Amino acid sequence: MPSLDGLRAFAALAVFASHAGLGHVVPGGFGVTVFFFLSGYLITTLLRRELEQRGDINFRHFYLRRIYRILPPMYLVLFAILILCLTGVIAHSVTAGGLLAQILQVTNYYLLYADSPGVVPFTGIFWSLAVEEHFYLLFPLLFVFCMRRWSRHSVAGIFLALCVLVLAWRCALVFLLEAEPARTYLASDTRMDSLLFGCIMGVWRNPALDAQVFFKSAWANALLLAGAVGVLVFAFLYRDAAFRETARYTVQGLALFPVFWLAVRYPGWPVFRVLNWRPVRLLGVISYVFYLSHLFWMYCGHMIFGERPLAAGLCGLTLTIMFSYVVHLVVELPFARLRRKLHE
């Protein structure tokens, strides 16, 4: 599907820029939200294609695909950095509990409730992988249950109702239970709607599978895009703490819907062409390892260039891209071939 690798690249660069010291300008958390939306959309599209073509979902193959795709690069990065910690190259405070939480994909709740951080350095961002893994465990079952009973439009309505429930839960946590901001940012139960908004697009007006359009007029669609971007800008600039912890994720999810839909349906628009340039698409292809490893390579950049943030950032970016491409060639592609050989 066009533009999706480009959107992955955009999300990865946003996270990198934010962690490189531009967080006051570039919203790194929004990059994670884009990843969530995209994951929800892709998973729903794949499940829907399989259900429509075969009449059923092979859950074993679904979960094996996720295992082959997600776990090898994640464990490679995790244990490579752990070895550097244990050999004294990197100072650390890793605990058995922290490492076990990362191995078992519960990093987000460990970070929320553990007495001390205890995770492997530069891998705290694995919290977002935990959110997606928890989603993958539950969503395919929910999807098949709903699709066998109701129309796609009704299923989209159910998913939207779940998004409303998640918003209500965030509001209860913030306004009634006075939860810390990290509670609504990191926890799976408060971030599932970021994936569900993508799932709604997967079943309702899917730009890759359905013929429906928003507007026949290019100008009307352009105004829709401008409005969505305006809403996103508002969500970035409005600094009210309660809004940021509750409704911000809902507003961003609603605004991302037309952005994604138009980017996939009209990749030839000038504003979307950059997403489909070959270098940008390549960065999108390697974006998973890029995301996993960028904090470590950013650290290496600072070790090399010290207090020169621009040079350190560019060095970290270069090292991250090089490493991600190598891992793509020697880990991701071989495991993809192995999956196809053994399970298809």
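Above this text is the structure in question.
Since the model is a prediction, treat every value here as computed from it, not as a measurement. (Residues numbered from 1 in each chain as written. Predicted model: local features only at pLDDT ≥ 70, side-chain atom pairs only at ≥ 80, totals over all residues. Heavy atoms only, no water.)

K.L.:
Where do I start with the overall build of the protein chain in this structure?
P.N.:
On a plain count of helices and strands, the protein chain comes out with 16 helices and 0 strands. Against the compact-globule benchmark of 20 Å for 344 residues, the protein chain has a radius of gyration of 20 Å, which places it among compact chains. Considering only contacts within the protein chain whose residues lie at least 6 apart along the sequence, 74% involve residues at least 24 apart. By element, 69% of the accessible surface of the protein chain is carried by carbon and sulfur atoms, the whole surface being about 16200 Å². Taken as two groups, the 28 positive and 17 negative side-chain charges of the protein chain have centres that lie 11 Å from each other. (Helix = DSSP H or I, 4+ residues; strand = E, 2+ residues; numbered from the N terminus. Rg over C-alpha atoms; globule rule 2.2 N^0.38 Å. Contact = heavy atoms within 4.5 Å. Areas by Shrake-Rupley, 256 points an atom, 1.4 Å probe, with all protein chains shown as cover. Lys, Arg positive; Asp, Glu negative; His and termini not counted. Charge placed at Lys NZ, Arg CZ, Asp CG, Glu CD.)

K.L.:
Quick question: what am I supposed to make of the packing of helix 10 (residues 218-237) against helix 12 (residues 247-265) here?
P.N.:
Describing two packed helices takes the angle between their axes plus the distance from one axis to the other. The interhelical angle for the contact between helix 10 and helix 12, taken along N-to-C directions, is 150°, at an axis separation of 9 Å. Taken together, the axes of helix 10 and helix 12 lie roughly antiparallel to each other. The two elements helix 10 and helix 12 cross, and the hand of that crossing is left-handed. Along its contact with helix 10, which presents Asn221, Leu224, Leu225, Ala228, Val231, Leu232, Ala235 and Phe236, the element helix 12 presents Arg248, Val251, Gln252, Ala255, Leu256, Pro258, Val259 and Leu262. Considered class by class, the residues forming the contact of helix 10 with helix 12 number 13 nonpolar, 2 polar and 1 charged. (Axes fitted to C-alpha atoms, helices over the stretch in contact; angles between N-to-C directions. Parallel < 35°, antiparallel > 145°, perpendicular 65-115°, else oblique. Left-handed = near helix turned anticlockwise from the far one by under 90°. Nonpolar A, V, L, I, M, F, W, Y, C, P; charged D, E, K, R; others polar.)

K.L.:
I keep staring at the environment of Arg152 and nothing clicks. Help me out?
P.N.:
Note on placement: Arg152 falls in helix 7 (residues 152-176). Among the residues examined, Arg152 registers a relative accessible area of 23% and is labelled partly exposed. When the C-alpha positions of Arg152 and Leu165 are compared, they lie 20 Å apart, and in sequence the two are 13 residues distant. Excluding residues that lie within four positions of it along the chain, Arg152 makes contacts with Arg48, Glu52, Met147, Val203 and Asp210. Polar side-chain contacts of Arg152 include one of 2.9 Å to the backbone oxygen of Val203. (Buried < 20%, exposed > 50% of the residue type's maximum accessible area, 1.4 Å probe, protein only. Polar contact = N/O pair within 3.5 Å; in protein donor to acceptor, adjacent residues only side chain to side chain.)

K.L.:
Which parts of the structure should I look at to understand the packing of aromatic side chains?
P.N.:
What characterises a pair of aromatic rings is the spacing of the ring centres plus the angle enclosed by the ring planes. Within this structure, the stated rule accounts for 30 aromatic pairs. Ring centres 4.8 Å apart and planes at 35° place the aromatic pair Phe122 and Tyr299 in the tilted group. A residue pair is termed long-range when its members are at least 10 positions apart, and Phe122 in the loop between helix 5 (107-113) and helix 6 (127-147) and Tyr299 in helix 15 (residues 287-305) qualify at 177 residues. Taking 6.5 Å as the distance between ring centres and 35° as the angle between the ring planes, the aromatic pair formed by Phe296 and Tyr299 counts as tilted. In this pair, Phe296 and Tyr299 are both assigned in helix 15, 3 residues apart and thus about one turn of the helix distant. Directly above the aromatic system of Tyr136 lies the positively charged group of Arg66, at a separation of 5.4 Å from the ring centroid. (Phe/Tyr/Trp six-rings, centres within 6.5 Å; stacked < 30°, edge-to-face > 60°. Lys NZ or Arg CZ within 6 Å of the ring centre and 35° of its normal.)

K.L.:
What is the right way to read the nonpolar core from this model?
P.N.:
Buried together is how nonpolar side chains tend to be arranged in soluble globular proteins. One finds Leu4, Phe135, Phe139, Phe143, Phe159 and Phe260 to be the most contacted residues of the largest nonpolar core, which totals 86 residues. Look past the residues within four positions of Phe139 in its chain and what remains in contact with it is Ile43, Thr44, Leu47, Phe159, Leu196 and Cys199. (Core = buried A, V, L, I, M, F, W, Y, C linked by side-chain atoms within 4.5 Å.)

K.L.:
Even after reading the chapter, I still don't get the pattern of salt bridges, so can you show me in this structure?
P.N.:
Pairing is possible between side chains of opposite charge, provided their charged atoms come close. A full pass over the atoms with the stated rule returns 10 salt bridges. Across the pair Glu332 and Arg69 runs a salt bridge whose closest N-O atoms are separated by 2.7 Å. With Glu332 in helix 16 (residues 309-343) and Arg69 in helix 3 (residues 59-86), the pair connects residues that are 263 residues apart, well separated along the chain. Two residues, Arg152 and Asp210, come together in a salt bridge whose shortest N-O distance is 3.5 Å. (Salt bridge = Lys/Arg side-chain N within 4 Å of Asp/Glu carboxyl O.)

K.L.:
When you look at the environment of Phe236 in this model, what are you seeing that I'm missing?
P.N.:
Along the polypeptide, Phe236 turns up in helix 10. In this structure the C-alpha to C-alpha distance between Phe236 and Gln252, which are 16 residues apart in sequence, comes to 9.3 Å. Setting aside anything within four residues of it in sequence, one finds Phe236 in contact with Pro27, Phe30, Arg244 and Gln252.

K.L.:
Help me out: how do you make sense of helix 7 in this one?
P.N.:
Since the α-helix advances by 3.6 residues per turn, residues separated by three or four positions end up pointing in the same direction. The end-to-end C-alpha separation of helix 7 is 35 Å, in line with the 36 Å expected for 25 residues at 1.5 Å each. Listed as buried for helix 7 are Val155, Ala156, Phe159, Cys163, Val166, Arg170, Ala172, Leu173 and Val174. Buried residues along helix 7 sit in contact with helix 6, helix 8 (181-186), helix 9 (188-203), helix 11 (241-245) and helix 12. Just downstream of helix 7 lies Glu178, where phi reads positive at about 50°. (Expected span 1.5 Å × (residues − 1).)

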